[in-house]
Amino acid sequence: MAINSPRGTSDIFGDEIFYRDCIVDSAKKLFELFNYTRIITPAFEHTEIFNRGIGKSTDIVKKEMYTFPDRKGRSLTLRPEGTAPVVRAIIEHKLYSSKIPIKLFYIENMFRYERPQKGRMREFWQLGVEAAGVDNPLIDAEVIWLLALIFEELGFKNLKLLINSVGCENCRPQYIGVFKDYLKPYLESLCPDCRERYNTNPLRIFDCKIPSCIKIINNSPKIYSHICGRCSSHFKKVIELLKILNIPFVIKEELVRGFDYYTRTIFEIISEDLDSVQNALGGGGRYDKLIEQFGGPSIPSIGFAVGIDRTIVLMKQLGISWQIKKEPHNVFIILLEERFENYGLEFLNYLRRSSIKCDISFEIKKISTQIKWAEKNGFSHAAIIGEDELKSDNITVKNLADFKQSQFNWKKEPQKIYEILK
Ligand code: HAM
């Protein structure tokens, strides 16, 4: 029997939880500030949602989905990303009928059958937002601003925000024709994957990491110079607004991103301190046609997702830990004999009702051993319960930093504990 977690998954505990909580808490505050509310979607969906949403010729759909039949033979897939499920939910519950824009955020685990490496997992966590219903570039800027703020709040300094426009359903096909004409003479020099992409989804060639393909693409015409007037003025406005917000960015004409649903603005936040293969901490873009493609009304939308696991890898690598404050457990209750247990429980109840973090020793051991254990486990104080305490209700509290002792009658002066622990 295998007693290890499946490849590409991990148990999350200890310090890892502090990092996670810190990222999630800080992002949640920003989501609230920006007027987003939370949505939780199921961990699996009908496979069709991803086939149609992400696109059949994308790497995710072709190679990376955890797809399985249920007991009635229906094809289900563990979500590899959050946008398609949120779009499905918006349509299913007609969320657009009560409020536009619909501003939702999610914090969820995702599943992709990828080759695991540091920062690349088969089960990983994302936090993301989807804002549906607005075509105005103002919301593009707002969403990108939110993404940048998430990392700024965490204390990151040298991240790079890349942006590009991939045009719309009118101008993109024209560009693809120009791009294919350019590639034609080089077809034999492209890798087998890119040769296939040439026929199925040529824009994916921009994602290829093989040097010989990159060399060919470097000199190719880029979509940015081929977008239509409408897309171009939308993009120019986004840039203007980002400048007003003082958000530094770089226009990267090769940026395409791996989903078919994107239209117009796309963006990615990367760190050059991470391995170049998985240097993206977050990314997103517009998907103006997706809701309509799913049978809903025409609702232009935009969103992004941040990889929590990858963000933690970089926080640790860069030593960003100032946010991670471990709240000390305040009081450790030490019982001198077993017969003081009932009294100890009463005192524990009083402390917890006073919102003081505390714990009690479950075994009777030498007092010095117990104090050492309390110090090692982050308690700031120890309360020792013996015969005198039981008779008088006077509890002795020892400060474990300077070993100063204070006594108080917890039944008569219940508030005094706050003074002692200050
Ligand atoms: P994505 O670029 O595929 O976009 O994922 C967003 C982030 O999730 C990545 O930048 C990365 O940090 C993290 N990530 C992706 N795959 C893995 C993995 N295997 N292991 C660890 N972290 C990973 C999306 O998922 C889109 N749904 C974003 C979006 C929302 N676009 C519009 N709305």
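Along each chain, numbering runs from 1 in the same order as the chain's sequence is written. Thresholds applied to this predicted model are a pLDDT of at least 70 for local features of residues and 80 or more for the giving and counting of side-chain atom pairs; totals over whole chains, interfaces and linings are not thresholded and use all residues. Values shown for side chains rest on all heavy atoms present in the structure; no hydrogens or waters enter the calculation.

1. Topic: the environment of Tyr113
Under the scheme used here, helices are H or I runs from DSSP no shorter than 4 residues and strands are E runs no shorter than 2 residues, and both carry numbers assigned from the N terminus. Residue position: Tyr113 is located in the loop between strand S5 (102–111) and strand S6 (123–132). Once residues lying within four places of it in the same chain are set aside, the contact partners of Tyr113 are Lys63, Glu64, Tyr66 and Arg122. Contacts are assigned to residue pairs that have any heavy atoms within 4.5 Å of one another.

2. Regarding the site of the ligand
One heavy atom within 4 Å of a molecule or strand is enough for the residue carrying it to be called near that molecule or strand. Neighbouring the ligand are 27 residues, the closest being Glu81, Glu114, Met121, Glu130 and Tyr262. The contact in question runs from a nitrogen atom of the ligand to an N or O atom on the backbone of Met121, over 2.8 Å. In the analysis that follows, any N or O atom pair within 3.5 Å is treated as a polar contact, provided that within protein one partner can donate a hydrogen and the other can accept it, and provided that, for residues neighboring in sequence, both atoms belong to side chains. Leu281 is positioned such that a nitrogen or oxygen atom in its backbone is 3.1 Å from an oxygen atom of the ligand. The fraction of the free accessible surface of the ligand (670 Å²) that becomes covered by protein chains is 96%. Going through the elements one at a time, S6, strand S10 (280–286) and strand S11 (301–307) are the ones with two or more residues in the shell around the ligand. Per-element accounting of the shell around the ligand gives the leading share, 6 residues, to S10. Considering only residue class, the shell around the ligand consists of 11 nonpolar, 9 polar and 7 charged. For accessible areas, the Shrake-Rupley method is used with a probe of radius 1.4 Å. Any residue's cover is judged against the shown protein chains and nothing else. Ten residue types, Ala, Val, Leu, Ile, Met, Phe, Trp, Tyr, Cys and Pro, are classed as nonpolar, four, Asp, Glu, Lys and Arg, as charged, and the remainder, Gly among them, as polar.

3. Here we look at the pairing of strand S4 (residues 75–78)
The pairing criterion is simple: DSSP has to find at least two bridges between the two strands. Direction of pairing for strand S2 (residues 44–46) relative to S4: antiparallel, over a ladder of 3 bridges. Bridged to Glu45 within S4 is Thr77. In the sheet, strand S3 (residues 67–69) pairs with S4 via 3 bridges, with the strands oriented antiparallel. Paired with Phe68 across the strands is Leu76, a residue of S4. Where S3 folds back on S4, the antiparallel hairpin that results is connected by 5 residues, among which Gly73 adopts a positive phi of roughly 85°.

4. Quick notes on the side chain of Arg257
If you trace the backbone, Arg257 turns up in the loop between strand S8 (250–251) and strand S9 (263–271). A polar contact is formed between the side chain of Arg257 and the side chain of Tyr262, at a distance of 2.9 Å. When sequence neighbours within four positions are dropped, the list of residues in contact with Arg257 reads Arg204, Asp207, Tyr262, Ile266, Phe267, Glu268, Gly283 and Gly284.

5. Structural notes on the domain arrangement of the protein
By a widely used convention, the size of an interface equals the accessible area lost when the partners come together. Assigned domains of the protein: these are domain 1 (15–171 + 227–318) and domain 2 (331–421). Boundary definitions for the domains trace back to an automatic or database domain assignment. Computed over C-alpha atoms, the centres of domain 1 and domain 2 are 49 Å apart.

6. Section: the packing of aromatic side chains
What characterises a pair of aromatic rings is the spacing of the ring centres plus the angle enclosed by the ring planes. Aromatic pairing here means that ring centres of Phe, Tyr or Trp (its six-membered ring) are within 6.5 Å. Orientation follows from the plane angle: under 30 degrees is stacked, over 60 is edge-to-face, and everything else is tilted. Considering all chains together, one arrives at 21 aromatic pairs under this definition. A centroid spacing of 5.0 Å and a plane angle of 35° characterise the contact between Phe332 and Trp373, whose relative ring orientation is tilted. Here Trp373 lies in helix H13 (residues 367–376) and Phe332 lies in strand S12 (residues 329–335), a separation of 41 residues in the sequence. Here the aromatic cluster, defined as three or more aromatic residues joined through ring pairs, consists of Phe259, Tyr261, Tyr262 and Tyr287. Should the NZ of a Lys or the CZ of an Arg lie within 6 Å of a ring centre and within 35 degrees of the ring normal, that charge is described as sitting over the ring. Geometry around Tyr113 places Arg122 over its ring, the cationic atom sitting 4.0 Å from the centre. Taking NZ or CZ as reference, Lys180 lies 4.9 Å from the ring centre of Tyr198, over its face.

7. Focus on the sheet that holds strand S16 (residues 405–409)
The strand order across the open sheet formed by 5 strands is S13-S12-S14-S15-S16, and the pairing between neighbours is mixed. What marks the edges here is a single partner per strand, and that holds for strand S13 (358–360) and S16. Direction aside, the axes of adjacent strands within the sheet are offset by 25° on average. Both S12 and strand S14 (residues 379–385) contribute to a ladder of 6 bridges, which runs parallel. Note that in S14 the partner of Val331 across the bridge is His381. Only the contacting stretch of a helix is used when fitting its axis, a line to C-alpha atoms as for every element, and angles between N-to-C directions run 0 to 180 degrees. Along the sheet, helix H12 (residues 341–353) contacts S12, S13, S14, strand S15 (394–399) and S16; its crossing angle with S13, the most-contacted strand, is approximately 170°. Against the sheet, H13 touches S12, S14 and S15, its axis set at about 165° to S12.

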